[in-house]
Amino acid sequence: MLEIAPEFFEAETRMEFYIEAEMKRAWANELNVLSEVDRICTRHGIPYFAYYGTLLGAVRHRGFIPWDDDIDLAMKRKDFLTFLEYAKRELPEAFCIKSFYVNPENTNPIHAVLNRTDIGKNNALTSQYYDCPYICGLDIYVLDGIPQDLEQAQMQHSLYNIFYDLTNQFETYQADGTLEDLLAQVKDLVGIDFVRDRTLKAQIWKAAEAVAQMFDVSECDRLVWMPDRVLGPDGKNHPIEAFSQTVRLPFETLTVSAPAGYEDVLSGLYGENWHICDKSGAAHDYPFYRKQNEWMEQNSSAET
């Protein structure tokens, strides 16, 4: 376990934003997960990068953005797959990995490392985990290359968009009866015939991942988390040189690995005024543990 000074757990106000003690305990657990991921990556020479709000927080705040509640990392595809192989063997016993590369029923394109699989204030792990009863962890975004050839780049984008749409609208297409027709069209187009079982959606995500990694990085001049290429502006396609080296930046009680070209990355993610604070909150409901807390209140078994 990561040793953290007692004063870290005290509620405080940063930049006129109140951070409750409960959030500080959750932060501590996320930092502990970060320290374990960093340990594995350092031991095996696997580059990783602070990304999204964690990169912004490291550069601008030397830690968490006060109104943020999670940790985001990025890895290049090849490095992520290498990390998975070591992580499955070397993470602490209670930890788990959320990824369709590990669990074929997982259908989230954002991979995650979590400190536990169950919650509860009286759970045996809770006292060990800084008296925090929640599942805490970090997200990993996998970066793939966009080829320099414009026709190849457009072909990759079009194919990825087909699979992304199928997964993003999977339940809708199931409900309205069009899913089978769409899957038949995919089979005619690219020759993939998916197995019709409870892993179907994850199979489609894996097909999307195959499209994302279809070009070697040596053929590419940009890196991107591929869903951002579908959803976001072109600025989220980063120059590959920005990730050619890493630097260590302070992050709360630790240091975190970051892309040496972090200014280019932050400009792409947040615009040229990324250094100006905007208390718009995270991309999900804050705090992340609200639903876990509600579950514990409704289920007394979580307290035994």
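Quick note: structure is the one above.
What comes next concerns the included structure.

About the thresholds
- Residues numbered from 1 in each chain as written.
- Predicted model: local features only at pLDDT ≥ 70, side-chain atom pairs only at ≥ 80, totals over all residues.
- Heavy atoms only, no water.
- Helix = DSSP H or I, 4+ residues; strand = E, 2+ residues; numbered from the N terminus.
- Buried < 20%, exposed > 50% of the residue type's maximum accessible area, 1.4 Å probe, protein only.
- Contact = heavy atoms within 4.5 Å.
- Areas by Shrake-Rupley, 256 points an atom, 1.4 Å probe, with all protein chains shown as cover.
- Lys, Arg positive; Asp, Glu negative; His and termini not counted.
- Charge placed at Lys NZ, Arg CZ, Asp CG, Glu CD.
- Axes fitted to C-alpha atoms, helices over the stretch in contact; angles between N-to-C directions.
- Parallel < 35°, antiparallel > 145°, perpendicular 65-115°, else oblique.
- Left-handed = near helix turned anticlockwise from the far one by under 90°.
- Nonpolar A, V, L, I, M, F, W, Y, C, P; charged D, E, K, R; others polar.
- Phe/Tyr/Trp six-rings, centres within 6.5 Å; stacked < 30°, edge-to-face > 60°.
- Disulfide = S-S within 2.5 Å.
- Pairing = 2+ DSSP bridges.
- Core = buried A, V, L, I, M, F, W, Y, C linked by side-chain atoms within 4.5 Å.

**Examining the overall build of the protein chain**
And step 1. Summing up its helical and strand segments, the protein chain has eleven helices and eleven strands in all.
And step 2. Taking the principal axes of the C-alpha coordinates as reference, the protein chain spans close to 60 × 45 × 35 Å.
And step 3. The burial tally for the protein chain puts 51% of its 304 residues in the buried class.
And step 4. Taking as baseline every contact in the protein chain between residues at least 6 positions apart, the subset at least 24 positions apart corresponds to 66%.
And step 5. A total of about 14600 Å² of accessible surface is found on the protein chain, and carbon and sulfur atoms cover 47% of it.
And step 6. Here the protein chain contributes 27 positive and 49 negative side-chain charges, whose respective centroids are spaced 3 Å apart.

**Considerations on the packing of helix α5 (residues 150–168) against helix α7 (residues 179–190)**
When two helices pack together, their arrangement is given by the angle between their axes and by how far apart the axes lie.
And step 1. With their axes 11 Å apart at the nearest point, α5 and α7 run at an angle of 160° to one another. Compared by their axis directions, α5 and α7 come out roughly antiparallel. As for the relative orientation of α5 and α7, their crossing is left-handed in sense. For the pair formed by α5 and α7, the contact residues are L159, I162, F163 and L166 on the first element and L179, L182, L183, V186, L189 and V190 on the second.
And step 2. Considering only residue class, the contact of α5 with α7 consists of ten nonpolar, no polar and no charged.

**Observations regarding the packing of aromatic side chains**
And step 1. Counting across every chain of the model gives 17 aromatic pairs.
And step 2. When the ring of F8 is compared with that of F9, the centres are 5.7 Å apart and the planes differ by 90°; the resulting orientation is edge-to-face. Taken individually, F8 and F9 each receive the classification buried, so the pair is uniform in this respect.
And step 3. Their ring planes at 85° and their centres at 4.9 Å tell us that F49 and F243 sit as a pair that is edge-to-face. One end of the pair, F49, is in strand β3 (residues 49–50); the other, F243, is in the loop between β9 (238–239) and β10 (246–251), and 194 residues separate them in sequence.
And step 4. When its relative accessible area of 1% is taken as the criterion, F49 is described as buried.
And step 5. Following the ring pairs from residue to residue traces out a cluster consisting of Y51, Y52, Y141 and W225.

**A few points about the state of the cysteines**
And step 1. Counted by the stated rule, this structure contains zero disulfides.
And step 2. Cysteine C41 remains unbridged, with the sulfur of C96 as its closest cysteine sulfur at 17 Å.

**Let's talk about the pairing of strand β11 (residues 254–259)**
And step 1. Across the six residues that make up β11, a large majority, five, are buried.
And step 2. Bridge count between β10 and β11: six bridges; the pairing is antiparallel. The residue of β11 that forms the bridge with P250 is T255.
And step 3. In this structure, the hairpin formed by β10 and β11 is closed by a connection of two residues, where E252 is found at a positive phi of approximately 55°.

**Comments concerning the nonpolar core**
And step 1. Core analysis: the biggest nonpolar cluster contains 67 residues, and L34 and F83 have the highest contact counts within it.
And step 2. Contact partners of F83, with chain neighbours within four places excluded, come to V37, I40, C41, I46, M75, V113 and I140.
And step 3. Residues Y160, Y173, A202 and W205 belong to the second largest nonpolar core, which totals 24 residues.

**Here's the deal with the environment of A153**
And step 1. Within the element layout of this structure, A153 appears in helix α5.
And step 2. Under the relative-accessibility criterion, A153 is labelled buried at 7%.
And step 3. Along the backbone, A153 and C220 are 67 residues apart, and their C-alpha atoms lie at a distance of 9.3 Å.
And step 4. Beyond its immediate stretch of four places on either side in the chain, A153 contacts I146, P147 and R229.

**With respect to helix α2 (residues 52–61)**
And step 1. Taken across its ten residues, α2 has nine buried, putting it largely inside the fold.
And step 2. When we look at burial in α2, the residues that qualify are Y52, G53, T54, L55, L56, G57, A58, R60 and H61.
And step 3. Among the residues trailing α2, R62 stands out with phi positive, at a value near 60°.

**Topic: the pairing of strand β7 (residues 137–147)**
And step 1. For β7, the buried fraction is high: ten of the eleven residues fall into the buried class.
And step 2. In this structure, strand β4 (residues 72–76) lies alongside β7, joined through five bridges in parallel fashion. Bridge pairing in β7 places M75 opposite V142.
And step 3. Relative to β7, strand β6 (residues 111–114) runs antiparallel, the two sharing four bridges. Residue A112 lies in a different strand from β7, and its bridge partner there is D139.
And step 4. Bridge analysis of β7 against strand β8 (residues 220–224) gives four bridges, and the strand direction is antiparallel. Pairing of I146 across the sheet is with R222, part of β8.

Keep in mind that these numbers describe shape and distance, not what the molecule does.
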